[in-house]
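# Examining the three-dimensional arrangement
Take a look at the letters that make up each chain.
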Amino acid sequence: MNLKQTLAVVGVAVGMAAQPLFAADINWDMANEYNDTSIHAEGDKIFSAKLAELTGGAIKITHHFGGSIGFKSKDQLDAVGDGALPIADTYVGPLGGIDPMFLLPSLPFLAKTPEEARKLFEAARSGYEAVFADNNQKLLWASPWPPSGIWAKKPVGDLEALAGLKIRTYDANGTITLQEANAAPIQLSWADVVPQLSTGGIEAVLTSAEAGANAKFWEHLDHFTEVNYAMPLNMVHINLDTWDGLSPEHQEAVMAAAKAGEDHVWQSVVTRVGENYAQMQSEEMTVVTDVDQAFLAALLEAGEKAREDWLVKTGDVGKAILDAYMSN
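In short, a report on the structure. Computed from a predicted model, the values in this text were never measured in an experiment.

### A short note on the sheet that holds strand β5 (residues 148–152)
Taking strand neighbours across the sheet as the criterion, the six strands line up as β7-β6-β8-β5-β9-β11 in an open arrangement whose pairing is mixed. Edge strands, defined here as strands with exactly one partner in the open sheet, are β7 (184–187) and β11 (286–288). Mean inter-strand twist for the sheet, computed between neighbouring axes without regard to direction, equals 25°. One ladder, built from four bridges, connects β5 with strand β8 (residues 204–208); its direction is antiparallel. Each bridged residue has a counterpart across the sheet, and for Ser148 the counterpart in β8 is Ser208. Helix α6 (residues 172–180) contacts β6 (166–169), β7 and β8 of the sheet and is inclined by roughly 170° relative to β7. Against the sheet, helix α10 (residues 248–282) engages β5, β9 (223–225) and β11, with an angle of about 140° to β11.

Set out below in structure tokens:
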């Protein structure tokens, strides 16, 4: 081999060695316990499409909706932290046993509108980021559920209708509140709700019109009572080692795609309730919106214990968040 040929071979080898490692395709499985038609699934799909666009298809996401990858929301924090999942979209209420910060969005009657829910999230964002960092993760974005109401086989518009009712709750706050109101609450992961409705294990469900419509609750229940109990949050979080392994350009692309997904959900939630109600009524459901103010006041009083418990657990940090939220 002459000198020119040798230099050519060396040049090719050096060029190959110099290729950036991040040029290879990156494939992520993304978990979400909720249905693929949910408002959060929409945000996830916008995120992945935008990310593929910004990276020229270098980062690809496979979505696993409806808990199809085998993880419920309560499992997903550990799964992402341990690296069993690179990324997940998680309803954070069931994580309240890991850190009480995750129970903030569902404190009863604290945030009842999209504007209030967004303001509450921003007041607590740094606290959430710290919790995820402590669990080897990075928070990418948060998105709200429409306000929670009561799905049942009858209107639930007073304490008498609620007494002894076997009703599903989505976290400890709901369980405490409904116990205080003399119901019989049962905390269940989303994947377990329809099976329990089918077998009579529960008679009612505390959740949004959005969630119930996506799960076709009208196949089991025929009334929805609007109480605007809370607007809980889903959060999208990524394994920190996965994040740190990205190039700066890919990290920038992830954050830009996250903003696109986040903006879509926060904008969509404003009109979502009306769309859900129209769909529910087309399925011959009764949607009760003129709820007695005395009943709402009684529920507010029943939720006081949950709010007090949260402040005890979070101390000065929780008080500072609520003070910041209430002052803006």
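### Some remarks on the nonpolar core
One finds Leu162, Phe217 and Met280 to be the most contacted residues of the largest nonpolar core, which totals 45 residues. Those elements that place two or more of their residues in this core are β5, α5 (159–162), α7 (193–199), β8, α8 (209–214), α10, β11 and α11 (293–302). When residues in this core are grouped by element, the largest group, four residues, is from α11. If near-sequence neighbours (up to four positions away) are discounted, Met280 is found in contact with Trp151, Ala209, Trp218, Phe224, Met285 and Val287. In this structure, Leu95, Ala111, Met235 and Val265 belong to the second largest nonpolar core, which totals 30 residues.

### Topic: the pairing of β8
The buried fraction of β8 is high, at five of five residues. Inspection of the sheet shows β6 paired to β8 by two bridges, in the parallel sense. Bridge pairing in β8 links Ile167 to Ala204.

### Quick word on the pattern of salt bridges
For the coordinates displayed, the defined rule picks out 12 salt bridges. Residue Arg125 pairs with Glu262 through a salt bridge whose shortest N-O separation is 3.9 Å. Of this pair, Arg125 sits in helix α4 (residues 114–134) while Glu262 sits in helix α10; the two residues are 137 residues apart in sequence, bridging distant segments of the chain. Overall, Arg125 belongs to the partly exposed group, its relative accessible area being 22%.

### Observations regarding the sheet that holds strand β3 (residues 87–91)
Spatially, five strands are ordered β2-β1-β3-β10-β4 in an open sheet, and the strand pairing comes out mixed. Strands at the two margins of the open sheet, each flanked by one partner only, are β2 (59–64) and β4 (137–144). With direction set aside, neighbouring strand axes in the sheet form an average angle of 20°. Of the strand pairs in this sheet, strand β1 (residues 26–32) and β2 are connected by six bridges, and their pairing is parallel. Looking at the pairing, Trp28 lines up with Ile61 of β2.

### Points about the packing of aromatic side chains
The way to describe two aromatic rings as a pair is by their centre distance and the angle between their planes. Under the definition given, this model contains 12 aromatic pairs. Here Phe47 and Trp141 contribute two aromatic rings whose centre-to-centre distance is 5.0 Å and whose plane-to-plane angle is 55°, an arrangement assigned as tilted. Placement of the pair is Phe47 in helix α2 (residues 39–54) and Trp141 in strand β4, with a sequence separation of 94 residues. Each member of the pair, Phe47 together with Trp141, is buried. An angle of 65° between the planes, with centres 5.3 Å apart, marks the rings of Trp151 and Phe224 as edge-to-face. Remark: Phe224 occurs in strand β9 and Trp151 occurs in strand β5; sequence separation between them is 73 residues. Here Trp151 and Phe224 have matching classes, each one buried. Every member of this aromatic cluster is reached through a ring pair, and the members are Tyr34, Trp145, Trp151, Trp190, Phe217, Phe224 and Tyr277. Geometry around Tyr325 places Lys119 over its ring, the cationic atom sitting 5.0 Å from the centre. Directly above the ring of Trp243 sits Lys138, whose terminal nitrogen or CZ lies 5.1 Å from the centroid.

Conventions used here
- Residues numbered from 1 in each chain as written.
- Predicted model: local features only at pLDDT ≥ 70, side-chain atom pairs only at ≥ 80, totals over all residues.
- Heavy atoms only, no water.
- Pairing = 2+ DSSP bridges.
- Helix = DSSP H or I, 4+ residues; strand = E, 2+ residues; numbered from the N terminus.
- Axes fitted to C-alpha atoms, helices over the stretch in contact; angles between N-to-C directions.
- Contact = heavy atoms within 4.5 Å.
- Core = buried A, V, L, I, M, F, W, Y, C linked by side-chain atoms within 4.5 Å.
- Buried < 20%, exposed > 50% of the residue type's maximum accessible area, 1.4 Å probe, protein only.
- Salt bridge = Lys/Arg side-chain N within 4 Å of Asp/Glu carboxyl O.
- Phe/Tyr/Trp six-rings, centres within 6.5 Å; stacked < 30°, edge-to-face > 60°.
- Lys NZ or Arg CZ within 6 Å of the ring centre and 35° of its normal.

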